[in-house]
Amino acid sequence: MTTPFPVPSARAETRLPDTEHTERPWRIHEIAHDFVLEDVWALPTPGGPDDLPRLVRFIAKDDDTPQPLIFRVLFDIRWKLGALLGWDDADTKVGTRVTSLRERLPDDLRAGPRGPDTENHPFTSVYLTDTEWAAEMANRTMHGVMHIGWVPDGSGGYRGQMAVLVKPNGLFGKMYMAAIKPFRYVLVYPALMRIFERGWQRQGT
């Protein structure tokens, strides 16, 4: 049977067309309509139809998967710059500088599972359903959403799909997002996908 959204098998560094996110009936469209879709990625996390909770736990909880050196260095630099320039101060976060997207949730999502916050990363969960999970973060540069979906892989199985949505904080936020874009595509996302792939494989052993 042909799926309504045929996509390539998930492999590291597989970036997808925006339509793989925008044309799916995700609930995130209802509450993040004023955010910009930055990226859509096929995650190297193959599984069965009910494996989204497993993927959410994997992302939310560090599992000691070794991180590539370039990934650690880049994020160490980013956090040190943030501390120096005040980008990540307490008054820049969700609930202070910006209102949480939970305030926009329709009643059914508000009454449903919220999902876990990430343990060692600045994301707080917004909502969780059978097929999608959304978590948010904010700093002085932007308000961002990590959207994780669980989708057919086109070959009878399922896999994760990640979309990144942002609302830049004014001109400075737009300039910041434009400045880091080459680094995200060339260095950050390839390293992140390898972390996903290795960690997911370790979970399955």
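Structure's up top.
In this report, the structure presented in the accompanying data block is examined. (Residues numbered from 1 in each chain as written. Predicted model: local features only at pLDDT ≥ 70, side-chain atom pairs only at ≥ 80, totals over all residues. Heavy atoms only, no water.)

### Topic: the overall build of the protein
For step 1, the next point in the chain: Tallying secondary structure elements over the protein gives six helices and six strands in all.
For step 2, the next point in the chain: Shown N-terminal to C-terminal, the secondary structure of the protein runs as helices and strands in the order β-α-α-β-α-α-α-β-β-β-β-α.
For step 3, the next point in the chain: Each of the 205 residues in the protein was classed as buried or not, and the buried ones make up 45%.
For step 4, the next point in the chain: Contacts in the protein between residues at least 24 apart in sequence constitute 67% of all its contacts with a sequence separation of at least 6.
For step 5, the next point in the chain: A total accessible area of about 10600 Å² is found for the protein, and carbon and sulfur atoms account for 58% of it. (Helix = DSSP H or I, 4+ residues; strand = E, 2+ residues; numbered from the N terminus. Buried < 20%, exposed > 50% of the residue type's maximum accessible area, 1.4 Å probe, protein only. Contact = heavy atoms within 4.5 Å. Areas by Shrake-Rupley, 256 points an atom, 1.4 Å probe, with all protein chains shown as cover.)

### Things to note about the pairing of strand β6 (residues 158-168)
For step 1, the next point in the chain: Across the eleven residues of β6, eight count as buried, placing the element largely inside the fold.
For step 2, the next point in the chain: Relative to β6, strand β2 (residues 36-42) is paired through six bridges, and the arrangement is antiparallel. When the sheet's bridge partners are listed, Val36 is paired in β6 with Val166.
For step 3, the next point in the chain: Both strand β5 (residues 142-152) and β6 contribute to a ladder of eleven bridges, which runs antiparallel. Directly across from Pro152, in β6, lies its bridge partner Tyr158.
For step 4, the next point in the chain: Linking β5 back to β6 in an antiparallel pair, the connection comprises five residues, with Gly154 at a positive phi of about 90°. (Pairing = 2+ DSSP bridges.)

### Brief notes about the pairing of strand β3 (residues 124-128)
For step 1, the next point in the chain: For β3, the buried fraction is high: four of the five residues fall into the buried class.
For step 2, the next point in the chain: The pairing of β3 with strand β4 (residues 132-138) spans four bridges and is classified as antiparallel. Residue pairing across strands places Thr124 opposite Glu136, the latter belonging to β4.
For step 3, the next point in the chain: In this antiparallel pair of consecutive strands, β3 and β4, the connection spans three residues.

### Some remarks on the sheet that holds β4
For step 1, the next point in the chain: Across the sheet, six strands lie side by side as β1-β2-β6-β5-β4-β3; this open sheet has antiparallel pairing. If you trace the sheet from one side to the other, it starts and ends with β1 (14-15) and β3, each paired once.
For step 2, the next point in the chain: Against the sheet, helix α3 (residues 52-60) touches β3, β4, β5 and β6, its axis set at about 145° to β5. (Axes fitted to C-alpha atoms, helices over the stretch in contact; angles between N-to-C directions.)

As far as function goes, none of this settles anything; it's purely spatial.
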